[in-house]
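A look at the structure
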Amino acid sequence: MNTANRSARFKLSPGSTIGVIGAGIAGLCTAKVLQQFGFEVTVIEKEAELGGVWAASRRYPGLTTQNPRSTYEFSDFPMPRHYPEWPRGEQVQAYLEAYAKHFGIFEKIILNAEVRQAAIDTAEQHWTVKVQSSRANPQEDFRELVFDYLVVCNGIFSEPFIPDFAGSERFRGAGGRICHSSQFTRVDEARGKNVVVVGYGKSSCDVANATVDLSRHTYLVARHLIWKIPKKLKNVLNFKYLFLTRMGEALFRYIRVKGFEKFLHGSGLPIRNFMLGQVERMVAKQLTLHKLGLHPGMPLETIARSTVSLVTDGFYDNIRAGRLTVKRAEIVELHAGCATLSNGDTIPTDIVICGTGWRQETPFFDNSVMANVTDERGNFRLYRSMIPVGAPRLAFNGYNSSFFSQLNAEIGALWIAGHLLNAFKLPSKEVMNKAVDERLIWMEQRTEGKHSKGTNIIPFSIHHMDELLSDLRLTLNAFRRFRQWLIPVTGADYRPITARLLRRQGFDSRCSRAEAQGGHSLKGSES
């Protein structure tokens, strides 16, 4: 049987068991969607509470969403009206927990459970997952779970990356502390200390800003500067109208352009360049970047190579007031109580907090599985950012750095459900591998290698959802799609999609239930 036929004929029946690794945004909506389609779901989470990066154990001081509330909610579960426009980390965690309880997922989650091994029995066609308790004294607390299918949702923020600084042991031996931003969960630890934060992304700036009122002094050490976007341009226009629309996404060249995008990157390129140039000048002027010596020195369109990072409230005010010092350098060596920088400066240092990114790791898979999941450089080879071509009964969800992480994960979960129920046919193995190769080459070129091991789809979140929905033969109606060119994309835009797929697959009673459940949320929410 050739690969195309084998792919087309793969199908699981409702009632089949599915293991989901991770109870963050992707894991929760994957479990919820697959349960709606009749599968028996178990979610395995190593932390003591659900939420992923929003859990208390990983929530740094000052953490908020980058997206406004209306653009950071699931399609059928609005965020509460009393939430601020940019919800705080603890509010997002509460929202996710309410989502899990509302849709009957909470009781399907095994907390304090770390996956140590996941192996497939190709003869029996099932996965055996070995789980160890992550609570105290876990030496003998192992158990094995068996699933017909496995979905990995531990995300691209799974393992914090901390650089190996020269002199680290000497620094720690003198009482210094080195940690990742996700490990710095109590701002009181900065009281009276000289704090050095490494990096210039959102987490670095959030943490540095949160410490200035308690620290002796806070330094932010950044080798490279990236563009920061004000939440409101000229303190009036919400950034979501610039970047969270189809028009905002179309300003950046996708792997293939069509329709109006072909015009913007063809004969209309001067118009596109003018639009981005105007925004760039307004941002630089509003934030006084030249005066502060913090202009990135590259065009605004380079945000497509990494990410959009919003300005942390009060960040530039603290720099102007001298409460926060930015050093355009990197740490060369740590000493007892101080750090030497690449620009020759030596700064007093008691705590080093690293906003230096994450590793995407799946240590529970052996080499035979990983050979089909990643290439020799560690890039994830996932068709549609969802499934490894040569690994059976396995999918990934949430392995895409996105502006709309919750919506990309939700549509991804629908795509997985459609795949499991044979709602569409996958291309041949050769075609899928060619598509993966093409996408990785394009990512490498447009991000100058900074594509998070093949998982960075920013700023093309809407394009990704369009591709998944196209496979499912489900599209937004023409009016709503046109509206998204000018008005920010919201979860509510995609509310009818789940019911439509349920109905097509013959789940009429579940379809009615899905339509009835949609629109509920925490007390005080929109409906």
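Conventions we followed
- Residues numbered from 1 in each chain as written.
- Predicted model: local features only at pLDDT ≥ 70, side-chain atom pairs only at ≥ 80, totals over all residues.
- Heavy atoms only, no water.
- Helix = DSSP H or I, 4+ residues; strand = E, 2+ residues; numbered from the N terminus.
- Rg over C-alpha atoms; globule rule 2.2 N^0.38 Å.
- Contact = heavy atoms within 4.5 Å.
- Areas by Shrake-Rupley, 256 points an atom, 1.4 Å probe, with all protein chains shown as cover.
- Lys, Arg positive; Asp, Glu negative; His and termini not counted.
- Charge placed at Lys NZ, Arg CZ, Asp CG, Glu CD.
- Buried < 20%, exposed > 50% of the residue type's maximum accessible area, 1.4 Å probe, protein only.
- Polar contact = N/O pair within 3.5 Å; in protein donor to acceptor, adjacent residues only side chain to side chain.
- Phe/Tyr/Trp six-rings, centres within 6.5 Å; stacked < 30°, edge-to-face > 60°.
- Lys NZ or Arg CZ within 6 Å of the ring centre and 35° of its normal.
- Core = buried A, V, L, I, M, F, W, Y, C linked by side-chain atoms within 4.5 Å.
- Pairing = 2+ DSSP bridges.
- Axes fitted to C-alpha atoms, helices over the stretch in contact; angles between N-to-C directions.
- Expected span 1.5 Å × (residues − 1).
- Arc of directions from axis to C-beta.

**What to know about the overall build of the protein**
When helices and strands are counted, the protein shows 18 helices and 24 strands. Compactness check: the protein gives a C-alpha radius of gyration of 23 Å against a globular reference of 24 Å for 527 residues, within 12% of the reference. Counting only C-alpha atoms and orienting by the principal axes, one finds that the protein spans roughly 65 × 65 × 50 Å. Restricting to contacts in the protein with at least 6 residues of sequence separation, those with at least 24 account for 69%. Here the protein displays about 22,200 Å² of accessible surface, and carbon together with sulfur accounts for 49% of that area. When the 67 basic and 51 acidic side-chain charges of the protein are each reduced to a single mean position, those positions are 6 Å apart.

**Quick notes on the environment of arginine 177**
One can find arginine 177 in strand E9 (residues 177-180). Classification of arginine 177 as partly exposed rests on a relative accessible area of 28%. Sequence separation between arginine 177 and lysine 32 is 145 residues; the distance between their C-alpha atoms is 40 Å. Setting aside residues up to four positions removed in sequence, arginine 177 forms contacts with Phe171, Gln183, Phe184, Glu189, Asp350, Ile351 and Val352. There is a polar contact of 3.2 Å between the side chain of arginine 177 and the backbone oxygen of glutamine 183.

**Some remarks on the packing of aromatic side chains**
Both the distance between ring centres and the angle between the ring planes are used here to describe each pair of aromatic rings. Applying the stated criterion to the full structure yields 21 aromatic pairs. Aromatic side chains phenylalanine 37 and phenylalanine 507 sit 5.7 Å apart centroid to centroid with 80° between the ring planes, which places their arrangement in the edge-to-face category. Linking phenylalanine 37 in the loop between helix H2 (25-36) and strand E2 (40-44) with phenylalanine 507 in the loop between helix H17 (495-504) and helix H18 (508-517), this pair joins segments that are 470 residues apart in sequence. With relative accessibility at 13%, the residue phenylalanine 507 sits in the buried group. Sitting over the ring of phenylalanine 106, lysine 101 keeps its end group 4.9 Å from the ring centre.

**Quick word on the nonpolar core**
One recurring pattern in soluble globular proteins: nonpolar side chains tend to sit buried together. Counting residues in hydrophobic clusters, the biggest one holds 122 residues, and the most contacted among them are Phe37, Trp415 and Tyr494. It is helix H13 (residues 405-420) that contributes the most residues to this core, 9 residues altogether. Of all hydrophobic cores here, the second largest spans 25 residues; its members include Ile21, Val131, Val152 and Met370.

**Topic: the side chain of histidine 419**
For histidine 419, the position within the fold is in helix H13. Once you skip the residues sitting within four places of it in the chain, histidine 419 turns out to touch Phe10, Tyr149, Phe424 and Leu426.

**Brief notes about the sheet that holds E2**
Spatial strand order, E3-E2-E1-E7-E24: 5 strands in an open sheet with parallel pairing. Each edge of the open sheet is held by one strand with a lone partner, namely strand E3 (109-110) and strand E24 (394-396). The pairing of E2 with E3 spans 2 bridges and is classified as parallel. Looking at the pairing, valine 43 lines up with isoleucine 109 of E3. The strands touched by H2 within the sheet are strand E1 (17-21), E2, E3 and strand E7 (149-152), with E2 carrying the most contacts at an inclination of about 170°. Sheet strands in contact with H13 are E1, E7 and E24, and its direction is about 165° off that of E7.

**Concerning helix H14 (residues 429-447)**
Over its 19 residues, H14 extends 27 Å from the first C-alpha to the last, a length consistent with the 27 Å expected when each residue adds 1.5 Å. For H14, the set of buried residues is Met432, Val436, Arg439, Leu440, Trp442, Met443, Arg446 and Thr447. Viewed end-on, H14 has its buried residues packed into an arc of 165°, placing them on one side of the element. Along H14, exposed side chains directed more than 90 degrees from the buried face belong to Glu430, Lys434, Ile441 and Gln445. Looking one or two residues past H14, glutamate 448 carries a phi angle of roughly 55°, positive in sign.

**Here's the deal with the sheet that holds strand E18 (residues 338-341)**
Here we have 3 strands laid out as an open sheet, ordered E17-E18-E19, and antiparallel in their pairing. Only two strands of the sheet have a single neighbouring strand rather than two, namely strand E17 (331-335) and strand E19 (346-348). Geometrically, the sheet is characterised by an average inter-axis angle of 25° between neighbouring strands, direction not taken into account. As judged from the 3 bridges shared by E18 and E19, these two strands associate in the antiparallel manner. Bridged to cysteine 338 within E19 is proline 348.

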